[in-house]
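# Structural features, examined
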Amino acid sequence: MNGMDKDGMKKRIAVLASGRGSNFQAVIDAIRDGRVPAACVRLLTDNPQAYAIERARAAAIPVTIVDYAAFPSREAYERELLFAMQGCRADLFVLAGYMRIVGNEIVRAFSGRIINIHPALLPSFPGLHGQRQAFLHGVKISGCTVHFVDESLDGGPVIVQKCIPLLEGDDEETLAARILEQEHRCLPEAIRLFCEDRLVIEGRRVRIR
Ligand code: GRF
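How each quantity is defined
- Residues numbered from 1 in each chain as written.
- Predicted model: local features only at pLDDT ≥ 70, side-chain atom pairs only at ≥ 80, totals over all residues.
- Heavy atoms only, no water.
- Helix = DSSP H or I, 4+ residues; strand = E, 2+ residues; numbered from the N terminus.
- Buried < 20%, exposed > 50% of the residue type's maximum accessible area, 1.4 Å probe, protein only.
- Contact = heavy atoms within 4.5 Å.
- Near = heavy atom within 4 Å.
- Polar contact = N/O pair within 3.5 Å; in protein donor to acceptor, adjacent residues only side chain to side chain.
- Areas by Shrake-Rupley, 256 points an atom, 1.4 Å probe, with all protein chains shown as cover.
- Nonpolar A, V, L, I, M, F, W, Y, C, P; charged D, E, K, R; others polar.
- Pairing = 2+ DSSP bridges.
- Axes fitted to C-alpha atoms, helices over the stretch in contact; angles between N-to-C directions.
- Phe/Tyr/Trp six-rings, centres within 6.5 Å; stacked < 30°, edge-to-face > 60°.
- Lys NZ or Arg CZ within 6 Å of the ring centre and 35° of its normal.
- Parallel < 35°, antiparallel > 145°, perpendicular 65-115°, else oblique.
- Left-handed = near helix turned anticlockwise from the far one by under 90°.

### Points about the overall build of the protein
Helix and strand counts for the protein stand at 6 helices and 9 strands. With respect to the principal axes defined by its C-alpha atoms, the protein has extents near 50 × 45 × 35 Å. Taking all 209 residues of the protein together, 46% fall into the buried category. Within the protein, counting contacts between residues at least 6 apart in sequence, those at least 24 apart form 62% of the total.

This is the structure in structure tokens:
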């Protein structure tokens, strides 16, 4: 329960991010402050322009860019990404604003070792723009979810969720901003639980021991 593996080493995590990387930053900060017993060994990104790359450099985290646009097909991109992921020798892969569907081959290669943060209370509003979907649907409560990644779209076993009430006068942006604040708490919390070996997947459920 101390976040170390058999050799007394910290768990190795790698982060996949496609854009601004504020969730990635929350993970970097949590590790630095000792709230998450892990070493972030690499940032993987599909987007050479991602601001997440600057954040990695500032934190001295190695970066691998697997530029989606440089590959002739999704399959070719996924093969290269799989290769890059294998090279990380990571215990856990964290999708933190990684804006692509992870292919089945990768999901199977790292079964139970990939988690994702989603800006809605799954299973409501999977896919892109979870905040917008919730806002347009007129729900009174939304939130965020960290879950294991399986072969479904945002449908894997749930690790952590937080609720956010919609307020009078909210628009999509104000809602998204409040959800994001909670994402920055949920994601490090889920990673901490994983690194402390406290997550047990039992069918659809994740038991926290
Ligand atoms: C977050 O809302 C995350 O839940 C979603 O994409 C957004 C990424 O934001 N998957 P950031 O890049 O972490 O700032």
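### Concerning the site of the ligand
Every residue close to the ligand is listed here: Arg20, Gly21, Ser22, Asn23, Gly97, Met99, Ile117, Pro119, Gln131 and Glu183. Between the ligand and arginine 20, the relevant distance is 2.4 Å, taken from an oxygen atom to a side-chain nitrogen or oxygen of the residue. Across the complex, the protein chains shield 89% of the 370 Å² of accessible surface that the ligand would expose by itself. Residues of the shell around the ligand, tallied by class, amount to 3 nonpolar, 5 polar and 2 charged.

### Some remarks on unusual backbone geometry
Cis geometry marks the peptide bond from leucine 122 to proline 123, where omega comes out at 15°. Along the chain, the position of proline 123 falls in the loop between strand S5 (114–118) and helix H5 (130–137). Unlike most non-glycine residues, alanine 60 shows phi in positive territory, near 60°. Looking at where alanine 60 falls in the secondary structure, it is placed in the loop between helix H2 (52–58) and strand S3 (63–65). One non-glycine residue, aspartate 197, lies in the positive phi region at around 55°. Within the fold, aspartate 197 resides in the loop between helix H6 (172–195) and strand S8 (199–202). For aspartate 197, a relative accessible area of 33% gives the class partly exposed.

### Topic: the sheet that holds S5
Adjacent strands of a sheet pair through backbone hydrogen bonds, lying either parallel or antiparallel. Here we have 7 strands laid out as an open sheet, ordered S3-S2-S1-S4-S5-S6-S7, and mixed in their pairing. Edge strands, defined here as strands with exactly one partner in the open sheet, are S3 and strand S7 (158–165). When the angles between neighbouring strand axes are averaged without regard to direction, this sheet yields 20°. Both strand S4 (residues 92–95) and S5 contribute to a ladder of 3 bridges, which runs parallel. Bridging across to S5, valine 94 finds its partner in isoleucine 115. Most of the contacts of H6 go to S7, to which it runs at about 155°, and overall it touches strand S1 (11–16), strand S2 (38–45), S4, S5, strand S6 (141–148) and S7.

### Brief notes about the environment of leucine 95
Looking at the element boundaries, leucine 95 is found in strand S4. Distance from leucine 95 to glycine 34, taken between C-alpha atoms, is 21 Å for residues 61 residues apart in sequence.

### Examining the packing of aromatic side chains
By the definition in use, this model includes 3 aromatic pairs. Ring centres 4.7 Å apart and planes at 55° place the aromatic pair phenylalanine 93 and phenylalanine 110 in the tilted group. Remark: phenylalanine 110 occurs in the loop between helix H4 (104–109) and S5 and phenylalanine 93 occurs in strand S4; sequence separation between them is 17 residues. Counting every residue linked through ring pairs, the aromatic cluster contains Tyr68, Phe71 and Tyr77. If you follow arginine 100 out to its NZ or CZ, it ends over the ring of tyrosine 77, 6.0 Å from the centre.

### Section: the packing of helix H1 (residues 22–32) against H6
Geometrically, a packed helix pair is captured by the angle between its two axes and the distance between the axes. The interhelical angle for the contact between H1 and H6, taken along N-to-C directions, is 50°, at an axis separation of 9 Å. Compared by their axis directions, H1 and H6 come out oblique. Handedness of the crossing formed by H1 with H6: right-handed. Contacts between H1 and H6 pair Ser22, Asn23, Ala26, Val27 and Ala30 from the former with Leu180, Glu183, His184, Leu187, Pro188 and Ile191 from the latter. Looking at the contact of H1 with H6, its residues break down into 7 nonpolar, 3 polar and 1 charged.

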